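# Summary of structural features
These are the residues of each chain, in order.
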Amino acid sequence: QVQLVESGGGLVQAGGSLRLSCAASGRAFSSYAMAWFRQAPGKEREFVAAISFSGRNTYYATSVKDRFTISRDNAKNTVYLQMNSLKPEDTAVYYCAARRGSTGSAYLSEYDYWGQGTQVTVSS
(Lines give C-alpha, C1' and ligand atoms only; values in the text may rest on other atoms or scores of the structure.)
Protein backbone atom coordinates (compact mmCIF):
# COMPACT_ATOMS: atom_id res chain seq x y z
CA GLN A 1 0.00 0.00 0.00
CA VAL A 2 1.25 3.50 -0.91
CA GLN A 3 -0.24 6.75 0.35
CA LEU A 4 0.38 9.88 -1.70
CA VAL A 5 0.00 13.48 -0.52
CA GLU A 6 0.39 16.40 -2.91
CA SER A 7 1.34 19.94 -1.93
CA GLY A 8 2.53 23.16 -3.50
CA GLY A 9 -0.51 24.22 -5.45
CA GLY A 10 -1.85 27.75 -5.40
CA LEU A 11 -2.71 30.86 -7.38
CA VAL A 12 -0.11 32.28 -9.76
CA GLN A 13 -0.12 34.79 -12.60
CA ALA A 14 0.45 33.71 -16.18
CA GLY A 15 4.15 33.34 -16.86
CA GLY A 16 4.88 32.42 -13.27
CA SER A 17 6.18 29.21 -11.72
CA LEU A 18 5.13 26.67 -9.11
CA ARG A 19 6.68 23.48 -7.79
CA LEU A 20 4.42 20.65 -6.76
CA SER A 21 5.54 17.94 -4.39
CA CYS A 22 4.12 14.47 -3.79
CA ALA A 23 5.21 12.72 -0.62
CA ALA A 24 4.79 8.96 -0.54
CA SER A 25 4.51 6.73 2.46
CA GLY A 26 4.58 2.98 2.45
CA ARG A 27 7.05 0.47 1.24
CA ALA A 28 9.46 0.43 -1.66
CA PHE A 29 8.83 3.86 -3.18
CA SER A 30 11.83 3.37 -5.45
CA SER A 31 10.12 0.39 -7.10
CA TYR A 32 7.24 2.52 -8.38
CA ALA A 33 7.10 4.64 -11.50
CA MET A 34 5.41 7.95 -10.75
CA ALA A 35 3.34 10.43 -12.69
CA TRP A 36 1.38 13.63 -12.57
CA PHE A 37 -2.06 13.99 -14.09
CA ARG A 38 -4.43 16.94 -14.06
CA GLN A 39 -8.15 17.55 -14.33
CA ALA A 40 -9.73 20.85 -15.28
CA PRO A 41 -13.39 21.60 -14.51
CA GLY A 42 -15.69 19.74 -16.88
CA LYS A 43 -12.82 17.84 -18.49
CA GLU A 44 -11.38 14.38 -18.19
CA ARG A 45 -8.24 13.71 -16.21
CA GLU A 46 -5.21 13.93 -18.48
CA PHE A 47 -1.59 12.88 -18.41
CA VAL A 48 1.03 15.53 -17.64
CA ALA A 49 4.36 13.81 -16.95
CA ALA A 50 5.84 10.52 -15.76
CA ILE A 51 9.16 9.30 -14.43
CA SER A 52 10.69 5.84 -14.20
CA PHE A 53 11.46 4.24 -10.84
CA SER A 54 15.14 5.13 -11.19
CA GLY A 55 14.47 8.67 -12.35
CA ARG A 56 16.51 8.15 -15.51
CA ASN A 57 13.57 8.26 -17.92
CA THR A 58 10.93 10.97 -18.13
CA TYR A 59 7.88 11.46 -20.34
CA TYR A 60 5.77 14.55 -20.99
CA ALA A 61 2.52 15.54 -22.59
CA THR A 62 3.09 17.71 -25.63
CA SER A 63 1.24 20.60 -24.00
CA VAL A 64 3.75 20.87 -21.13
CA LYS A 65 6.99 19.73 -22.72
CA ASP A 66 9.78 22.30 -22.33
CA ARG A 67 7.82 24.08 -19.58
CA PHE A 68 7.39 21.38 -16.90
CA THR A 69 10.01 19.12 -15.34
CA ILE A 70 9.31 15.97 -13.35
CA SER A 71 11.91 14.66 -10.92
CA ARG A 72 12.14 12.40 -7.90
CA ASP A 73 14.21 11.94 -4.78
CA ASN A 74 13.99 8.30 -3.72
CA ALA A 75 15.81 9.03 -0.46
CA LYS A 76 12.97 11.40 0.47
CA ASN A 77 10.15 9.35 -1.06
CA THR A 78 9.09 12.41 -3.00
CA VAL A 79 8.33 13.28 -6.60
CA TYR A 80 8.25 16.84 -7.88
CA LEU A 81 6.73 18.77 -10.76
CA GLN A 82 8.45 22.06 -11.57
CA MET A 83 6.07 24.17 -13.64
CA ASN A 84 7.41 27.22 -15.47
CA SER A 85 5.85 29.66 -17.93
CA LEU A 86 2.41 28.79 -16.62
CA LYS A 87 -0.62 29.52 -18.75
CA PRO A 88 -4.29 29.93 -17.79
CA GLU A 89 -5.00 26.63 -19.54
CA ASP A 90 -2.78 24.89 -16.98
CA THR A 91 -5.44 25.60 -14.35
CA ALA A 92 -6.56 22.27 -12.91
CA VAL A 93 -6.38 19.94 -9.96
CA TYR A 94 -3.06 18.12 -10.18
CA TYR A 95 -2.84 14.51 -9.04
CA CYS A 96 0.14 12.37 -8.21
CA ALA A 97 -0.01 8.67 -9.12
CA ALA A 98 2.12 5.58 -8.51
CA ARG A 99 2.47 2.52 -10.71
CA ARG A 100 4.17 -0.75 -9.86
CA GLY A 101 6.99 -1.28 -12.30
CA SER A 102 9.99 0.45 -13.75
CA THR A 103 8.53 2.64 -16.48
CA GLY A 104 6.00 5.41 -16.50
CA SER A 105 2.81 5.43 -18.53
CA ALA A 106 0.39 8.01 -19.90
CA TYR A 107 -2.64 5.83 -19.17
CA LEU A 108 -4.69 6.42 -16.01
CA SER A 109 -5.75 2.79 -15.79
CA GLU A 110 -2.17 1.63 -15.35
CA TYR A 111 -1.70 3.46 -12.05
CA ASP A 112 -2.36 1.73 -8.75
CA TYR A 113 -2.39 4.59 -6.24
CA TRP A 114 -3.55 8.18 -6.38
CA GLY A 115 -3.28 11.24 -4.18
CA GLN A 116 -6.14 13.61 -3.33
CA GLY A 117 -4.91 16.37 -5.61
CA THR A 118 -3.76 19.96 -5.28
CA GLN A 119 -5.36 22.95 -7.00
CA VAL A 120 -3.34 25.07 -9.41
CA THR A 121 -4.93 28.26 -10.67
CA VAL A 122 -3.23 30.46 -13.27
CA SER A 123 -4.68 33.94 -13.73
CA SER A 124 -4.36 35.88 -16.96
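A few points on the structure. Treat the numbers as computed from the prediction; the structure is a model and nothing was measured. (Residues numbered from 1 in each chain as written. Predicted model: local features only at pLDDT ≥ 70, side-chain atom pairs only at ≥ 80, totals over all residues. Heavy atoms only, no water.)

Let's shift gears to unusual backbone geometry. For D66, which is not glycine, the phi dihedral falls at a positive 80°. Its location among the elements puts D66 in the loop between β6 (58-60) and β7 (68-73). Positioned with a positive phi, N77 is a non-glycine residue whose angle comes to about 55°. With respect to the helices and strands, N77 occurs in the loop between β7 and β8 (78-83). (Helix = DSSP H or I, 4+ residues; strand = E, 2+ residues; numbered from the N terminus.)

Here we come to the pattern of salt bridges. Here the structure, examined in full by the defined rule, presents 5 salt bridges. The salt bridge partner of R99 is E110, with a shortest N-O separation of 3.3 Å. Separated by 11 residues along the polypeptide, R99 in strand β9 (residues 92-100) and E110 in the loop between β9 and β10 (113-114) bring together distant segments of the chain. Residue R99 is classed as buried on the basis of its relative accessible area of 16%. The partner of D112 in a salt bridge is R100, with the nearest N and O atoms 3.2 Å apart. On the criterion of sequence distance, the pair formed by D112 in the loop between β9 and β10 and R100 in strand β9 is long-range, its members being 12 residues apart. Judged by relative accessible area, which is 48%, R100 ranks as partly exposed. (Salt bridge = Lys/Arg side-chain N within 4 Å of Asp/Glu carboxyl O. Buried < 20%, exposed > 50% of the residue type's maximum accessible area, 1.4 Å probe, protein only.)

On to the nonpolar core. In terms of nonpolar packing, the biggest core is built from 36 residues, with L4, M34, W36, L81, M83 and Y94 touching the most fellow members. When residues of this core are traced back to their parent elements, those giving at least two are β1 (2-7), β3 (18-26), β4 (32-39), β5 (46-51), β7, β8, β9 and β11 (118-123). When sequence neighbours within four positions are dropped, the list of residues in contact with L4 reads C22, A23, A24, M34, C96, A97, A98, Y113, W114, G115 and Q116. (Core = buried A, V, L, I, M, F, W, Y, C linked by side-chain atoms within 4.5 Å. Contact = heavy atoms within 4.5 Å.)

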